[in-house]
Amino acid sequence: MVLFEAGRHDRPKPGEMLAAVAQGLLRQLGVWTPFVAAAFVDNRAVVSAWAGEAFDERHSIFSAQGGGWQLDRARFDQLLIQAAAAAGAQVRLGSEVRSAVREGQGWRLNLADGDIVASAVIWATGRSWRLARSFGAKLRAHGHLAAYTRFFDRAPGNCRVVIEARPEGWWYSADLPDRRRVVACLTDPDLGSELRDPKSWYRALAATQLIAPLLPPGARETATLVKSAGTATVDPAAGERWVAAGDSLFAADPLSSRGIVHALRSGILAAYAASDMVDGRDELARTRYAMIASQGFADYASALANHYAAAARWDTAFWQRRRHQPEERAAYQERGA
Ligand SMILES: Cc1cc2nc3c(=O)[nH]c(=O)nc-3n(C[C@H](O)[C@H](O)[C@H](O)COP(=O)(O)OP(=O)(O)OC[C@H]3O[C@@H](n4cnc5c(N)ncnc54)[C@H](O)[C@@H]3O)c2cc1C
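Throughout what follows, the structure given in this document is the object of discussion. (Residues numbered from 1 in each chain as written. Predicted model: local features only at pLDDT ≥ 70, side-chain atom pairs only at ≥ 80, totals over all residues. Heavy atoms only, no water.)

Topic: the side chain of Arg160
Rule in force here: Runs of H or I in DSSP of at least four residues are treated as helices and runs of E of at least two as strands, each being numbered from the N terminus. The contact criterion used throughout is that any non-hydrogen atoms of two residues lie within 4.5 Å.
Tracing the chain through its elements places Arg160 in strand S14 (residues 160-166). Once you skip the residues sitting within four places of it in the chain, Arg160 turns out to touch Asn43, Arg44, Ala45, Val47, Glu57, His59, Gln70, Ser173, Ala174 and Asp175.

Structure below.
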C-alpha cells in the first residue's frame, strides 16, 4: 500500500469541528489512543444566531453523543498519516499524482519523480478533482460557496463553535488548541471576491454581533485561506479498479459539519471495496460501494436547503438564492417543519 500526499500537512487548513460520532471510526482505525493524547479542544457548545438576531446556545451535555472536538486540522491529519505508516503503508509526502492511465488490470499513476503501477486506486484528493477525467468520472457542482478564512494565535476561547448568519452569508469561529482560533466568512464566490481584501474582510467582521468579540485585542493573524466550499458529487462513486472517497466522492457544505466523519467512513469502506476489487470481485465491490455511498447522503440536500431557508431573513443576493420557492415553503410547512 502506498499513500501519495501532494502536501505535507504542515499548513493551517479549515475543517476543525469533528463530530462526536467519529469516536467509533477512530477506534476502528486504531487511532483512538493517539487521538486522545493529542488533547484537542473538547467542544462544549454550539452558539448560533441563525433564524433570528437572538442567539441560541446548544450545550454538548444535552447531546447523547457529546460535543465532539475542535481540531488542529494539520496535526489531526499528521496523526492519521503516522497511523497509516505504523500499519505498514508506505507514505510519500510531497508526491502529487498528476494523472492516471489504465494499465493491465490496474492503473499507471504519473508523479513528478516517475510512474507507479497500482492494482487498485483509492481516489481521495479532496476538492481537487483533477483525476476525474482520468477515471472517466463526472463532477457535479450542486451549489457554489467560498470560505474566506483567517487563523489567529493569542486568541483563547471557551470551547465553543460560534455561527452567525449575516446579510453577506454566514460566519463561524472556533477556538483551537494552543490558544489559536479560526474565523471564516462563507458566501457565494461571485459575491465575496472583495473579502480577499483584508480591509473588506475586517470591515465585514466588525459588523458581526457574535464573532468579532471573540478576537481579543492582542490576537495576531497567522494565516489566510480562500477555499471553495459548495456541495459537489462525482458519478460514478467507483469504477474499474478505482474508488472515490472523502470530498472527492461527496464534498459537503461546511454548514453540515460532516465532511471529516464522511471522509473517515468512506475511506474505510473504500479500502474494503479496493480489496474486493484486487481479489477479483470488481462488479460486486462497485455496486455495493455505489449503493452505500448514495445512502449516506439521501437526506442531505433537503436538510441543507431547509436550514439555509430558515435564516433567509435578508433581501440580499446570498439569501434570495437560498429562499424556498412558495410551493416548497408550503410543502415544508405542511410537513410541520
Ligand atoms: C471552510 C471549511 C470549513 C469546514 N469545516 C468543517 C468542519 O467543521 N467539520 C467537518 O467535518 N468538515 C468541515 N469541512 C470539510 C472538511 O474539511 C472536508 O470534508 C475534509 O477535509 C475531507 O477530507 P478529505 O481527506 O476527503 O480531503 P482533504 O482533507 O482535502 O485531503 C485531501 C488531500 O489530498 C491531497 N491531494 C490533492 N490532490 C492530490 C494529488 N493529485 N495527489 C496527491 N495528493 C493530493 C491534498 O494535499 C490533501 O491533503 C470544512 C471545509 C471547509 C472548506
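Picking up after the structure, the text goes on.
A few points about the sheet that holds strand S12 (residues 138-141)
We count it as follows: Two strands pair if DSSP finds at least two bridges between them.
Ordered by their spatial adjacency, three strands build an open sheet running S12-S18-S21, and the pairing between neighbours is antiparallel. Looking along the sheet, the strands with just one partner apiece sit at the ends: S12 and strand S21 (250-251). Both strand S18 (residues 232-235) and S21 contribute to a ladder of two bridges, which runs antiparallel. Looking at the pairing, Ala232 lines up with Ala251 of S21.

Concerning the packing of aromatic side chains
Operational definition: Geometry of aromatic contacts follows a simple scheme: Phe, Tyr and Trp rings, the Trp one being its six-membered ring, pair when their centres are within 6.5 Å, and the pair is stacked under 30 degrees between planes, edge-to-face over 60, tilted otherwise. Here the term buried applies to any residue with accessible area under 20% of the maximum for its type, exposed to any over 50%, and partly exposed to those in between, with areas from a 1.4 Å probe on protein chains only. We call a charge positioned above a ring when the Lys NZ or Arg CZ atom is no farther than 6 Å from the ring centre and deviates by at most 35 degrees from the ring normal.
Applying the stated rule across the entire model yields 22 aromatic pairs. Residues Trp107 and Phe135 carry aromatic rings whose centres are separated by 4.9 Å and whose planes lie at 85° to one another, so their mutual orientation is edge-to-face. Separated by 28 residues along the polypeptide, Trp107 in strand S9 (residues 106-111) and Phe135 in helix H4 (residues 132-135) bring together distant segments of the chain. By the burial criterion, Trp107 is buried, and Phe135 matches it. Following the ring pairs from residue to residue traces out a cluster consisting of Trp50, Trp170, Tyr172, Tyr308, Trp314, Phe318 and Trp319. Directly above the ring of Trp201 sits Arg150, whose terminal nitrogen or CZ lies 4.9 Å from the centroid. Against the face of Tyr308 rests Arg322, its NZ or CZ located 5.2 Å from the ring centre.

Topic: helix H6 (residues 198-206)
For clarity, the cut-off: For this quantity, the arc is that covered by the directions from the helix axis to the C-beta atoms.
All buried positions along H6 are accounted for by Ser200, Trp201, Ala204 and Leu205. All buried residues of H6 lie within an arc of 135° about the axis, which places them on one face of the element. With respect to the buried face of H6, the exposed residues turned more than 90 degrees away are Lys199, Arg203 and Ala206. Check the buried side of H6 and you find it contacts strand S13 (146-153), strand S15 (169-176) and strand S16 (180-187).

Details of the sheet that holds S9
The strands making up a sheet associate through hydrogen bonds between their backbones, and the pairing can be parallel or antiparallel. Note the threshold: All axes are obtained by fitting lines to C-alpha atoms, using only the stretch in contact for helices, and the reported angles, taken between N-to-C directions, cover 0 to 180 degrees.
With antiparallel pairing, the three strands of this open sheet are ordered in space as S8-S9-S10. Lying at the two open borders of the sheet, with one neighbouring strand each, are strand S8 (97-103) and strand S10 (114-118). The average angle at which neighbouring strand axes cross in this sheet is 25°, direction not considered. Bridge analysis of S9 against S10 gives five bridges, and the strand direction is antiparallel. If you follow Leu109 over to S10, its bridge partner there is Ile116.

What about the pattern of salt bridges?
Pairs may arise between side chains of opposite charge once their charged atoms sit close together. Definition in use: Salt bridges, as used here, are contacts in which a Lys or Arg side-chain nitrogen is within 4 Å of a carboxyl oxygen on Asp or Glu.
Applying the stated criterion across every chain, the model contains 24 salt bridges. Its salt-bridge partner being Arg92, residue Asp113 comes within 3.5 Å of it at the nearest N-O pair. Taken as a pair, Asp113 in the loop between S9 and S10 and Arg92 in strand S7 (residues 90-93) lie far apart in primary sequence, 21 residues in all. Relative accessible area serves as the criterion here: at 58%, Asp113 is assigned to the exposed category. Arg220 is the salt-bridge partner of Asp153, the closest N and O atoms lying 2.6 Å from each other. In this pair, Asp153 is assigned in strand S13 and Arg220 in strand S17 (residues 220-228), connecting sequence segments 67 residues apart. You can call Asp153 buried: its relative accessible area is 14%. Exposure remark for Arg220: the relative accessible area of 40% places this residue in the partly exposed category.

Considerations on the pairing of strand S4 (residues 45-49)
Most of S4 sits inside the fold, with five of its five residues counted as buried. Of the two faces of S4, the one holding Ala45, Val47 and Ala49 and the one holding Val46 and Ser48 are both buried throughout. In this structure, S4 lies alongside strand S5 (residues 56-59), joined through four bridges in antiparallel fashion. Within S5, the residue paired with Ala45 across the bridge is His59. Turn length for the S4-S5 hairpin, with the two strands adjacent in sequence and antiparallel, is six residues. Summarising the sheet, S4 and S14 pair through five bridges and their orientation is parallel. Bridge pairing links Val47 to Val162 in S14.

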